[in-house]
Amino acid sequence: MAASMWKNMRNFVSRKNLYRLVFDPQLAIFSMFVLLIAELVVNILVIKKIKYTEIDWTAYMQEVEGVVNGTYDYTQLKGDTGPLVYPAGFVYIYLALYYITSYGHNVRLGQYLFAGLYMLSLIVLFDIYRKTKRVPPYAFIFMCCASYRIHSIYVLRLFNDPVAMFFMYLAVDCFLRDRWGLGCLIYSLGVSIKMNLLLFSPALLMLLMVRLGTLKTIWHLTICAAPQIALAIPFLLENPVGYIVRSFNFGRQFFYVWTVNWRLIPEDIFLNKYFQTALLLSHVAVLVLFFVFKWRRLYPGIKFGLWMRESGTALSPNQILLPLFTANLIGMSFSRSLHYQFYVWYFHTLHYLLWSTTQPQIVKLLILGVIELCWNTYPSTMISSSLLHLCHAFMLLTLWFSPDYTPTDKTVKATKIS
């Protein structure tokens, strides 16, 4: 009996099985479980050993404190870092944190809450990656324990960006389960916290049209709009124009001192309206190119147009994730400015995107390493900004030639032998 158990154990820990546990995406669940435990320990150590850095937390608390005091005019809500510029969902989230953390004074409790958010985000992300069966288990080490900047954004800075991204990934997980209505509702809640999630919207609109058809897409767009209105009612009743202008200000100027991606140009060009317009036009152009020449290939048999019928079958994980994550990367690549906390906007999608290309493993890891280096360079330099743009351009170019866009069915033609 004991000999049989020992033999079975030896077979399980054989070199072949160990290799599969490291490299086989089908067995990623084991590494995910181990990494979740490791991340719990890492987050506790970061909170205990590394000093908290005050950047926006106090300003967030001051902004929501204005609401506590009865101010619903968005133009009057502000903190030490400036006026409140986030939609209404942000107010409700940080209002809850305001009370939980003793009016914002118990920062340590806030850090532990954000550590919990980080763990929940990883669970959702692992569920997404588990469904794709694309990324090898060892790559998740670079998604988790290897990024100092990401841990800093979550538990040392307490930014609202991770909160918004949690809702985004939760929505994506719903889409993968073919729960489009619930996914749109959660996505809209995320947009109400920070509008960077709109970078995913072009691909999401396409997916809704492909899966649900035109009529149901209109209904799901209504689902997306409803939370924005409902959450904003107190502020819209007080000053509707002020709320819309402040919370969805697409023309807001960013400070050159904080830019990660545009240190390679002078400040006067960075602030130039023509330069910013050129970035917007480039963003739209690349989105159109990917839609026309690449994304549509993912859905053979689908006729694209203003009027589309509902698809009879659910979309595969890669049919959903590749356009969504690529659209977000395109938006990041042509952003007017990227601040350090914006790294979380796309960090957890980089691994999927890189493993959707045909590049060698060492090149994928090199790109991840260089991107991490760029985001950890403070203040940013001409070199770090240039390298970041090169990495983005390389990823977009290699994604353009992703095998997902190439039909796998080969047609064999018979030839007449004379």
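This structure is a prediction, so every number in the text was calculated from the model and none was measured.

1. Topic: helix α10 (residues 180–191)
Given a rise of 1.5 Å per residue, twelve residues ought to cover 16 Å, and the 16 Å separating the end C-alpha atoms of α10 matches this to within 8%. For α10, the set of buried residues is W180, G183, C184, I186, Y187, S188, G190 and V191. Buried residues along α10 sit in contact with α9 (161–176), α11 (201–238) and α15 (317–333).

2. Thoughts on the pattern of salt bridges
With the rule as written, the count across this model stands at ten salt bridges. Here K131 ties to D127 by a salt bridge, and the two come within 2.5 Å at their closest N and O atoms. Of this pair, K131 and D127 both sit in helix α6 (residues 107–132), four residues apart, which is roughly one turn of that helix. D127 sits in the buried class, given a relative accessible area of 13%. With a shortest N-O distance of 3.1 Å, E310 and K216 are connected by a salt bridge. A residue pair is termed long-range when its members are at least 10 positions apart, and E310 in the loop between α14 (273–293) and α15 and K216 in helix α11 qualify at 94 residues. We classify E310 as partly exposed; its relative accessible area is 41%. With a relative accessible area of 39%, K216 lands in the partly exposed category.

3. Examining a nonpolar patch on the surface
On the surface, L280, V284, V288, L289, V292 and F293 cluster together into a nonpolar patch covering about 490 Å² of accessible area. Topologically, F293 is positioned in helix α14.

4. A look at the side chain of T259
With respect to the secondary-structure elements, T259 resides in the loop between α12 (240–247) and α13 (267–270). Ignoring sequence-local partners within four residues, the contact set of T259 consists of F270, S337, L338, H339 and S380.

5. Some points on the packing of α6 against helix α8 (residues 148–156)
Axes are the key here: two packed helices are described by the angle between their axes and the distance separating the axes. With their axes 8 Å apart at the nearest point, α6 and α8 run at an angle of 130° to one another. By the angle between their directions, the pair α6 and α8 is classed as oblique. On α8, the residues touching Q111, F114, A115, L117, Y118 and S121 of α6 are I150, H151, Y154, V155 and L156. Across the contact of α6 with α8, the residue classes tally to eight nonpolar, three polar and no charged.

6. Regarding the side chain of T357
Structurally, the position occupied by T357 is in the loop between α16 (347–354) and α17 (361–375). Separated by 2.7 Å, the side chain of T357 and the backbone oxygen of L354 make a polar contact. A polar contact of 3.5 Å, which involves the side chain of T357, links it to the backbone nitrogen of Q359. Setting aside residues up to four positions removed in sequence, T357 forms contacts with K364, T398 and L399.

7. A few points about the state of the cysteines
All told, the structure shown has zero disulfides when counted by the stated rule. Of all cysteine sulfurs, the one in C184 lies closest to C224, which takes part in no disulfide; the gap is 4.0 Å.

8. Digging into the packing of aromatic side chains
All chains considered together, the criterion is met by 36 aromatic pairs. Each ring, one from Y98 and one from Y99, has its centre 5.2 Å from the other, and the planes form 80°; the classification is edge-to-face. The exposure class of Y99 is partly exposed, given its relative accessible area of 47%. Ring plane angle 10° and centroid distance 4.9 Å describe the contact between Y343 and W375, whose orientation is recorded as stacked. Highlighted residues: Y343 in the loop between α15 and α16 and W375 in helix α17, separated in sequence by 32 residues. Classification of W375 by relative accessible area gives buried; the value is 0%. Aromatic rings pair up to connect W57, Y60, Y86, F90 and Y94 into one cluster. In this arrangement the basic side chain of R263 is found over the ring face of Y256, its NZ or CZ atom lying 4.9 Å from the centre.

9. A short note on the environment of E63
Following the sequence through the fold, E63 ends up in helix α4 (residues 57–68). Taking relative accessible area as the criterion, E63 reaches 4% and is therefore assigned buried. E63 sits 285 residues away from H348 along the chain, and the two C-alpha atoms are 29 Å apart. Beyond its immediate sequence surroundings of up to four residues, E63 is in contact with L77, K78, G79, G82, P83, L84 and F90.

10. Notes on the environment of N249
By the element assignment, N249 lies in the loop between α12 and α13. Along the chain, N249 and H351 lie 102 residues apart, while their C-alpha atoms are 31 Å from each other.

11. Details of the confidence of the model for the protein
Taken as a whole, the protein shows an average pLDDT of 93; of its residues, 94% reach a score of 70 or greater. Taken together, the stretch residues 410–418 has pLDDT below 50 and engages in zero contacts with residues farther than four places along the chain or on a different chain.

12. Details of the nonpolar core
Counting residues in hydrophobic clusters, the biggest one holds 131 residues, and the most contacted among them are Y94, L324, I371 and W375. Leaving out residues up to four positions away in the same chain, W375 has contacts with R149, V260, M332, L338, H339, Y340, F342, Y343, Y346 and L388.

13. Concerning the packing of α6 against α9
With their axes 9 Å apart at the nearest point, α6 and α9 run at an angle of 30° to one another. When the axis of α6 is compared with that of α9, the two are roughly parallel. For the element pair α6 and α9, the recorded crossing hand is left-handed. Where α6 abuts α9, its residues F114, L117, L120, S121, V124, L125, D127, I128 and K131 lie against P162, V163, F166, Y169, L170, V172, D173 and L176. Each residue belonging to the contact of α6 with α9 can be placed in one class, and the counts come to 13 nonpolar, one polar and three charged.

The rules behind each value
Residues numbered from 1 in each chain as written. Predicted model: local features only at pLDDT ≥ 70, side-chain atom pairs only at ≥ 80, totals over all residues. Heavy atoms only, no water. Helix = DSSP H or I, 4+ residues; strand = E, 2+ residues; numbered from the N terminus. Expected span 1.5 Å × (residues − 1). Buried < 20%, exposed > 50% of the residue type's maximum accessible area, 1.4 Å probe, protein only. Contact = heavy atoms within 4.5 Å. Salt bridge = Lys/Arg side-chain N within 4 Å of Asp/Glu carboxyl O. Patch = residues over 30% accessible without salt bridge, like charges linked within 9 Å, V, L, I, M, F, W, Y side chains within 5 Å. Areas by Shrake-Rupley, 256 points an atom, 1.4 Å probe, with all protein chains shown as cover. Axes fitted to C-alpha atoms, helices over the stretch in contact; angles between N-to-C directions. Parallel < 35°, antiparallel > 145°, perpendicular 65-115°, else oblique. Nonpolar A, V, L, I, M, F, W, Y, C, P; charged D, E, K, R; others polar. Polar contact = N/O pair within 3.5 Å; in protein donor to acceptor, adjacent residues only side chain to side chain. Disulfide = S-S within 2.5 Å. Phe/Tyr/Trp six-rings, centres within 6.5 Å; stacked < 30°, edge-to-face > 60°. Lys NZ or Arg CZ within 6 Å of the ring centre and 35° of its normal. pLDDT = per-residue confidence, 0-100. Core = buried A, V, L, I, M, F, W, Y, C linked by side-chain atoms within 4.5 Å. Left-handed = near helix turned anticlockwise from the far one by under 90°.

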